[in-house]
Amino acid sequence: MLFRLKASILSALRIVSLVLPCSGTMAQAQDFDRNGLDSWLSSEQALAATKISANLLGNGAVLASPSRSGPNYYFHWTRDAALTIDVVLDLYVASNNPEDRAAYLQQAQNYVDFSLKIQSQPTLSGSIQDHFANFGEPKFEVGGVGFSQPWGRPQTDGPALRAVSLMRIYKLAQQRLDAQRQFSASMTGMKNALLADLEYTAYHWRDQGYDLWEEVRGQHFYNAMVQHRALVAGAAFVNTYGGQGDARRYLAEAAALETHLARFWDPGRGYFVETIDRSGGLDYKSSNLDSGVVLASLHAQGEQSYLSPTDDRILATAHALRSTFAALFPINSVSRDRAQHQLAPAIGRYPEDRYDGVGSSQGHPWFIATAALAELSYRAAALYAATDRILITAQNEAFFADLAGVGQGLHRGDTLTRGDATFRNVLDALLRSGDEYLARIRFHSAIGGELTEQIDRYTGYERGAIDLSWSYASLFKAVQARSQLILVLQQ
Ligand code: NOJ
Ligand code: NOJ
């Protein structure tokens, strides 16, 4: 009873947070509404939900994009699918409408069924007997068969991300009546599937594999971060039914991952690098500066958080990305939109990127990466608000110096606490900074709001796979984080 009450308050909050942008009761929100950003964001978030639904096939395959050629993205990628389903679950939690809720639950059910199917067969990434090495296969035909052509395999982040999404579905099925009804016959299968993903992660995280961009073979920051989250959440999960032995094992691996993660900090460069111990694949990523690090911090946030968006080294990395891409992409020399509204720079995957959305020539900004920088700003502000304290350090000093209107007066060693005028000013500036990234996305999106994968670095027009599920998911998550921050700032 108590729990259901709490859950319903939470879901009421989430509903508010989804529709909130129109209310504009606070000064900041009103400022931004001058240019209609609030209303654009709410319609864009709704469009993202519709477009994601359209990419979910009836058998549970999640299309990365409906594009079948130039490029062919008509596949189920384990990574993209888990991140996309997480948005479907957000929509379910936020919805009051029984028909919509039933539809979201059905989509989640289909995802579970498809996940069981692809887990059950050998792939070119390995055999099921080898601690589920087959799960490392990055992408599957929509019928459920592993991809059979050469590819950057294995990719060890997918099972960890899927474990997190399956655990979320499992818990919803324990907590909410309609979800319980929907999943009553699938609980055992779902539990086995997520335990297998945890097992894969605990056993295989040390394996050499390809990065989230499917190009470089080695050890990757993004993978280690989502693996760490999955194992910590997995330990809590198995503890609830007496799996103390497994819980200890997962936590031991999570602790080893923390030691491993410390190796990615490059004090000379002043940011987290994405890859260490490189053993193959592309060899021209000389800066090793990668927006995968920011995505990692976002995707690794769960009940607990490690290297969260307020970690000063994560902020240092965000700052390095911002200044590098500001100078690299010609479109970033346009820093205001037609209404003279400030735009943050469009962000790419990494500076040396050559993937143009179809083949290899020259890289471009990505919607995912630009939305990630927005989400990082919002989440950092919300976390600071929750801890009442901002510490300026040698690592994050440059990040703060860049924040319009407040940065110049902040120096390493300063501590801002709630009550200081500057504390509130920094939170407001983080909200504005996030909004400038989303305004950048608005500036380059299609008239109807459709999002592809990339933005042409010269013309500013969209390019690459159309209607990319992950582009919509990343936009959705950024807007959600913004709404949650605005609620916090209104308190
Ligand atoms: C397709 C991959 O999905 C993309 O990330 C990569 O950049 C290109 N192949 C080039 O290797
Ligand atoms: C290429 C991206 O690099 C990769 O991260 C993604 O999984 C696939 N495209 C599918 O969207």
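## Considering the site of ligand 2
- The local shell around ligand 2 holds 13 residues, among which Arg79, Asp80, Leu212, Trp213 and Arg349 are the closest.
- A distance of 2.7 Å separates an oxygen atom of ligand 2 from a polar atom in the backbone of Leu212.
- Bound to the protein, ligand 2 loses 97% of the 300 Å² it would expose on its own.
- Its residues assigned to classes, the shell around ligand 2 comprises eight nonpolar, no polar and five charged.
- Inspection of the shell around ligand 2 shows a minimum of three residues originating in each of domain 1 (1–60 + 330–491) and domain 2 (67–307).

## Describing the domain arrangement of the protein
- Structurally, the protein comprises domain 1 (1–60 + 330–491) and domain 2 (67–307).
- Inter-centroid distance (C-alpha atoms) of domain 1 to domain 2 is 23 Å.
- At the junction of the two partners, domain 1 supplies 46 residues and domain 2 supplies 43 residues.
- Overall, the association of domain 1 and domain 2 removes approximately 3800 Å² of surface from exposure, summing both partners, and the carbon and sulfur fraction of that is 67%.
- When the buried surface of domain 1 facing domain 2 is broken down by residue, Arg349, Tyr350 and Trp470 rank first, second and third, together holding 18% of it.
- Summed over the shared surface of domain 1 and domain 2, the number is three salt bridges.
- Among the salt bridges present, the one from Lys477 reaches Asp86, with a minimum N-O distance of 2.8 Å.

## Comments concerning the sheet that holds strand E4 (residues 216–220)
- If you walk across this open sheet you meet the three strands as E3-E4-E7, and the pairing is antiparallel. Every interior strand has two partners, whereas the edge strands, strand E3 (209–210) and strand E7 (275–281), have only one.
- With two bridges joining them, E3 and E4 adopt antiparallel strand pairing. When the sheet's bridge partners are listed, Gly209 is paired in E4 with Gly218.
- Strands in contact with helix H9 (residues 221–239) are E3 and E4; relative to E4, the strand with the most contacts, it is inclined by about 45°.

## A closer look at helix H12 (residues 312–328)
- With 17 residues, H12 ought to run about 24 Å at 1.5 Å a step, and its terminal C-alpha atoms sit 24 Å apart, in line with that.
- Its side-chain oxygen placed 2.8 Å from the backbone nitrogen of Arg313, Asp311 serves as the N-cap of H12.

## Quick word on the packing of aromatic side chains
- Here the structure, examined in full by the defined rule, presents 17 aromatic pairs.
- On the basis of an interplanar angle of 85° and a centroid distance of 5.9 Å, the ring pair of Phe75 and Trp77 is categorised as edge-to-face. The pair Phe75 / Trp77 is uniform in exposure class, with both members buried.
- Ring centres of Phe75 and Phe147 lie 5.3 Å apart, and the angle between their planes is 80°; this geometry places the pair in the edge-to-face category. Residue Phe75 is found in the loop between helix H3 (37–54) and strand E1 (76–77), and its partner Phe147 is found in the loop between strand E2 (139–140) and helix H6 (157–175); the two are separated by 72 residues along the sequence.
- Here Phe75 falls in the buried class, since its relative accessible area comes to 6%.
- Taken together, the ring pairs connect Tyr73, Phe75, Trp77, Phe147 and Trp151 into an aromatic cluster.
- A cation over an aromatic ring shows up here: Arg354 above the ring of Tyr284, its NZ or CZ 3.5 Å from the ring centre.

## Describing unusual backbone geometry
- Cis geometry marks the peptide bond from Gly70 to Pro71, where omega comes out at 5°.
- Of the consecutive residues Arg153 and Pro154, the connecting peptide bond is found in the cis state with omega at -5°.
- Structurally, Pro154 is set in the loop between E2 and H6.
- Despite not being glycine, Asp388 has its phi angle at roughly 65°, a positive value.
- Here Asp388 lies in the loop between helix H13 (367–387) and strand E8 (389–391).
- The phi dihedral of Asp467 is positive, around 40°, even though this residue is not glycine.
- Looking at where Asp467 falls in the secondary structure, it is placed in the loop between strand E11 (462–463) and helix H16 (469–490).

Procedures and definitions
Residues numbered from 1 in each chain as written. Chains lettered and ligands numbered in written order. Predicted model: local features only at pLDDT ≥ 70, side-chain atom pairs only at ≥ 80, totals over all residues. Heavy atoms only, no water. Near = heavy atom within 4 Å. Polar contact = N/O pair within 3.5 Å; in protein donor to acceptor, adjacent residues only side chain to side chain. Areas by Shrake-Rupley, 256 points an atom, 1.4 Å probe, with all protein chains shown as cover. Nonpolar A, V, L, I, M, F, W, Y, C, P; charged D, E, K, R; others polar. Domains from an automatic or database assignment. Contact = heavy atoms within 4.5 Å. Buried area = accessible area lost by both parts, 1.4 Å probe. Salt bridge = Lys/Arg side-chain N within 4 Å of Asp/Glu carboxyl O. Pairing = 2+ DSSP bridges. Helix = DSSP H or I, 4+ residues; strand = E, 2+ residues; numbered from the N terminus. Axes fitted to C-alpha atoms, helices over the stretch in contact; angles between N-to-C directions. Expected span 1.5 Å × (residues − 1). Phe/Tyr/Trp six-rings, centres within 6.5 Å; stacked < 30°, edge-to-face > 60°. Buried < 20%, exposed > 50% of the residue type's maximum accessible area, 1.4 Å probe, protein only. Lys NZ or Arg CZ within 6 Å of the ring centre and 35° of its normal.

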